[in-house]
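# Reading the structure
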There are 2 protein chains.
Amino acid sequence: MMRYHKVPEETIKRMPQYLRALLFLRQQSTKYITSRGLSEYVLLNPPQIRKDLSYFGAFGLRGTGYEVEPLIKQIRRILKLDVEQKTVLVGAGRLGSAIARFPGFQRYGFNITDIYDNAGKRIGKKIGKIQIKDVAKLNKIKANSVKIAIIATPPETAQQIADALVKAGVTSILNLTSAYLAVPKKVRVRTVDLAMELGMLPYYT
Amino acid sequence: MMRYHKVPEETIKRMPQYLRALLFLRQQSTKYITSRGLSEYVLLNPPQIRKDLSYFGAFGLRGTGYEVEPLIKQIRRILKLDVEQKTVLVGAGRLGSAIARFPGFQRYGFNITDIYDNAGKRIGKKIGKIQIKDVAKLNKIKANSVKIAIIATPPETAQQIADALVKAGVTSILNLTSAYLAVPKKVRVRTVDLAMELGMLPYYT
DNA sequence: TTGTGCTTGTGTTCACATTCACAAAGTCTT
DNA sequence: AAGACTTTGTGAATGTGAACACAAGCACAA
Ligand SMILES: NC(=O)c1ccc[n+]([C@@H]2O[C@H](COP(=O)([O-])OP(=O)(O)OC[C@H]3O[C@@H](n4cnc5c(N)ncnc54)[C@H](O)[C@@H]3O)[C@@H](O)[C@H]2O)c1
Ligand SMILES: NC(=O)c1ccc[n+]([C@@H]2O[C@H](COP(=O)([O-])OP(=O)(O)OC[C@H]3O[C@@H](n4cnc5c(N)ncnc54)[C@H](O)[C@@H]3O)[C@@H](O)[C@H]2O)c1
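Computed from a predicted structure; not experimentally measured. (Residues numbered from 1 in each chain as written. Chains lettered and ligands numbered in written order. Predicted model: local features only at pLDDT ≥ 70, side-chain atom pairs only at ≥ 80, totals over all residues. Heavy atoms only, no water.)

## Digging into the site of ligand 2
- In the neighbourhood of ligand 2, 23 residues make up the surrounding shell, with Arg94, Leu95, Asp117, Arg122 and Thr153 of chain A lying closest.
- More than a single chain frames ligand 2: its nearby residues are located in chains A and B.
- One of the backbone nitrogen or oxygen atoms of threonine 153 of chain A is found 2.6 Å away from an oxygen atom of ligand 2.
- Within the complex, 87% of the 820 Å² of free accessible area of ligand 2 lies under protein.
- Of all the elements in the fold, those that place two or more residues in the shell around ligand 2 are α5 (94-101) and α7 (155-167) of chain A together with α5 (94-101) of chain B.
- For the shell around ligand 2, the element with the most residues is α7 of chain A, which contributes 3 residues.
- Here the shell around ligand 2 is composed, by residue class, of 14 nonpolar, 6 polar and 3 charged. (Near = heavy atom within 4 Å. Polar contact = N/O pair within 3.5 Å; in protein donor to acceptor, adjacent residues only side chain to side chain. Areas by Shrake-Rupley, 256 points an atom, 1.4 Å probe, with all protein chains shown as cover. Helix = DSSP H or I, 4+ residues; strand = E, 2+ residues; numbered from the N terminus. Nonpolar A, V, L, I, M, F, W, Y, C, P; charged D, E, K, R; others polar.)

## A short note on the relation of the copies chain B and chain A
- Take chain B, turn it by 180°, move it 0.0 Å along the axis, and it overlays chain A with an RMSD of 0.1 Å. Such values leave the two copies arranged in the relation of a two-fold axis. In terms of proximity to the rotation axis, the leading residue of chain B is leucine 95 of chain B, whose C-alpha is 3.3 Å off the axis.
- Both copies present the same face, since 100% of the interface residues in chain B are matched by interface residues at the equivalent positions in chain A. (Least-squares fit on C-alpha atoms with pLDDT ≥ 70 in both. Contact = heavy atoms within 4.5 Å.)

Okay, structure coming up:
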């Protein structure tokens, strides 16, 4: 039993992939899946999958594999996705609107509860059931209930928004702009710049 | 001189980050930047940056740092972003439309030349200057000129679209759906599922 | 109950990536 | 022209993660 070993960061990054694959399998009414079976949905080899899962406990049944439903529950618990994660979105432009309307975040436990913008013509309008608020009121978000934020504003304003979010108690930021964000060490920033994601692809051709 | 060593994949992933930082610095009219200076824009330490760059040659000036403009050119050349990379987009929904209108891809040399959808009401309409084509005509893309594709359709159809793209000669795919794509080894897929990117954040809180 | 065939869990080995430390090479001042 | 200072480039050391091989455990059949 290796539960008390330090879990590699790379393992944590892969856990949501396993969750995604398992959710898909559940939808297909698959009850059990072996590490080999799973490997066909995540581009990782079976020992890697087993080792990753084993950092958190022995969830498998030897000779049979992993039971899908309980494993989903376990991973959700491990990643703290079993409790609703209230999330705020800043920037209700094209990308922000697409995200606000996207139902997929729910599946991972993320619930977008507030949307902010600074454009007069946007403030007050609704996206789905959520009314867009003035970004000047960002400091009003309740420090203890919202820990996660998504930034989808122009890159020039991203830093000041990040500063405001940190001050309001947000601890994790998904930054969709091309700006580099300087934040205190305790705050985690995940930057996804779609143009940059493409950047490494041509090298390998 | 270590130019003929194998370049770590991790290094390749970081190169677009350097490029992004350098483009920002150029915009600020910065002419020279040291590895320490750069480190303030990419969350990596100076030796890492120097080592990464040194895999491709000695671009720096001892005592001074790196000249911004030439280094941009070098990285573009290394990543093959100095030639226009024709790109097709499949799926002109909310996310697809946002991407099609987003000017940031140009900066990295990506030029979206074709957009496809399967919805009758969308086909024929224009996004910017590009007319949306019927996805049934995907096989018409010229194998030799388009190597990169972006998939922004519902996840259920992603695999069949990937198959069609591969058949048409595409070698790199940016997959924005939550579907796992099975493709031949020579084809590179980069999946960015925004919901999943969020998935690992709560763990560290 | 015993034997055969799977599949998990993990200690060990191996490969890769990061960090470090410093010589080499330039700049700048006096 | 010399010496102090800065910064690069990189071999070597360290650290971290991936792959492997196999013992341990379970299922199922006879
Ligand atoms: N919107 C988001 O913020 C977001 C976030 C994460 C992931 N995604 C993923 O991105 C994808 C697109 O999301 P969206 O919000 O734009 O959805 P959307 O429904 O607005 O757009 C999907 C588009 O794909 C088209 N389409 C459907 N089948 C097609 C086919 N066979 N060939 C070509 N086109 C086809 C539809 O006509 C539609 O225009 C989805 O897979 C979604 O899971 C979206
Ligand atoms: N659209 C894409 O496909 C795409 C791709 C990659 C990256 N991005 C990045 O995502 C971000 C948003 O892109 P977009 O296409 O939605 O742009 P957009 O212009 O459509 O939307 C930006 C929104 O931010 C709002 N805004 C501006 N300043 C603000 C502030 N200080 N506080 C709150 N809101 C503010 C604007 O009113 C607007 O609604 C940009 O940084 C862009 O670089 C977009």
